[in-house]
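# Examining the three-dimensional arrangement
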Amino acid sequence: MLFQIAIDGPSGAGKSTIAKAVASRLGITYVDTGALYRTVGYYVRSKGVDPKDAPAVTALLPEIRVDLDYIDGVQVVLLNGENLGDRIRTPEISMYASAVSAIPAVRAFLLDTQRDIAKKRSVIMDGRDIGTVILPNAQVKIFLTASDECRATRRYEELKAKGIETTVEEVLSDMRKRDHDDSTRAVAPAVAAPDAVLFDNSWMKPDECTEAVLQQIILPKLGLTV
Ligand code: DC
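Keep in mind it's a predicted model, so treat the numbers as computed, not measured.

The rules we used
- Throughout this description, residue numbers start from 1 for each chain and increase along the sequence as written.
- Predicted model: local features are reported for residues with pLDDT of at least 70 only, side-chain atom pairs are reported and counted for 80 or more only, and whole-chain, interface and lining totals are derived from all residues.
- Processing note: side-chain calculations cover all non-hydrogen atoms of the structure and skip hydrogens and water entirely.
- One requirement defines pairing of two strands: DSSP has to find at least two bridges between them.
- Helix numbering and strand numbering both begin at the N terminus, where a helix is a DSSP run of H or I of at least 4 residues and a strand a DSSP run of E of at least 2.
- Structural elements are reduced to axes, namely lines fitted to C-alpha atoms, with helices fitted over the stretch in contact, and the angle between N-to-C directions of any two is expressed from 0 to 180 degrees.
- In this analysis, two residues are considered to be in contact whenever any of their non-hydrogen atoms come within 4.5 Å of each other.
- Burial classes: relative accessible area under 20% of the type maximum marks a residue as buried, over 50% as exposed, and values in between as partly exposed (1.4 Å probe, protein chains only).
- Helix span is expected to be 1.5 Å times the residue number reduced by one.
- If you view the pair so one helix is near and one far, a crossing is left-handed when the near helix is turned anticlockwise from the far one by less than a right angle, and right-handed when it is turned clockwise.
- In this classification, the charged set is Asp, Glu, Lys and Arg, the nonpolar set is Ala, Val, Leu, Ile, Met, Phe, Trp, Tyr, Cys and Pro, and all remaining amino acids, among them Gly, are polar.

### What about the sheet that holds strand β6 (residues 123–127)?
Spatially, five strands are ordered β2-β6-β1-β7-β8 in an open sheet, and the strand pairing comes out parallel. This sheet does not close on itself; its edge strands, each paired only once, are β2 (29–32) and β8 (197–200). When strand polarity is set aside, the average angle formed by the axes of neighbouring strands in this sheet is 20°. Across four bridges, the pairing between β2 and β6 is parallel. What sits directly across from Thr 29, in β6, is Val 123.

The structure is reproduced here in structure tokens:
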């Protein structure tokens, strides 16, 4: 039997950290769906196209091939065969990803890539619409949140570790704009599924949060013990 675990929530809520740790504990595949939108955003930027210009972005889609692959268990997203690595992780590409993700044609373009992987393997998938749209029948749905200040501090630390210069204030203001846009867009807004378990992990350490999410939500729902 294949497991589907959906983790949605705003940026910096700790989704990827928790999902990666849970994936390794359960021996299942972690799927970072934000990387797919980031990859489309990267291509749109490389063509000098306004990411809010839906017809122009839609016209670029036939030129884009986005593939999900796993190398030593780690997800790699390929843009027309090229692994972009951390080039999709900059604050500018975050904004491009958020803008293109509001375009219905972009969401439709990435839908099968996400669903196909969950047909072949047990997955823990993180994003914004996993529990509502991509995997509506997931056995476990979690909506992970944390306070704005906490999320901005985490994002800032992540960017700093990657050598990207910014400030907590700048990250907080970008993050609020992106969360607002992501949760109020017309198509697949970033909202909790009615059957999702809400979990606020403000100022919890990653290990503590992983343990709590596993023991209190995931294992009981899957009827497992590890
Ligand atoms: O999770 P992330 O920060 O890497 O996501 C980048 C953007 O992609 C985010 O601002 C909204 C969009 N996104 C989405 O609309 N749906 C998803 N399932 C994942 C990400």
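That covers the picture; the talk isn't over yet.
### With respect to the side chain of Thr 29
Mapped onto the secondary structure, Thr 29 falls in strand β2. When sequence neighbours within four positions are dropped, the list of residues in contact with Thr 29 reads Ala 23, Tyr 70, Arg 121, Ser 122, Val 123 and Ile 124.

### Some details on helix α4 (residues 91–101)
Counted residue by residue, α4 has eight buried out of 11 residues, so it is predominantly covered. Those residues of α4 hidden inside the fold are in contact with α2 (34–46), α3 (54–60), α5 (104–120) and α8 (168–184).

### Thoughts on α2
With 13 residues, α2 extends 18 Å from end C-alpha to end C-alpha; this agrees with the ideal 18 Å at 1.5 Å per step. Residues of α2 that are buried include every one of Ala 35, Leu 36, Tyr 37, Arg 38, Thr 39, Val 40, Gly 41, Tyr 43 and Val 44, and no others. Backbone geometry just downstream of α2 places Gly 48 in the positive-phi region, at approximately 70°.

### Quick word on the packing of helix α7 (residues 148–161) against α8
It is the contact of α7 with α8, at a shortest axis distance of 9 Å, that shows an interaxial angle of 115°. Our pair here, α7 against α8, has a crossing hand that is right-handed. Contacts between α7 and α8 involve Asp 148, Glu 149, Arg 151, Ala 152, Thr 153, Arg 155, Tyr 156 and Leu 159 from the first element and Val 168, Val 171, Leu 172, Met 175, Arg 176, Arg 178 and Asp 179 from the second. Considered class by class, the residues forming the contact of α7 with α8 number seven nonpolar, one polar and seven charged.

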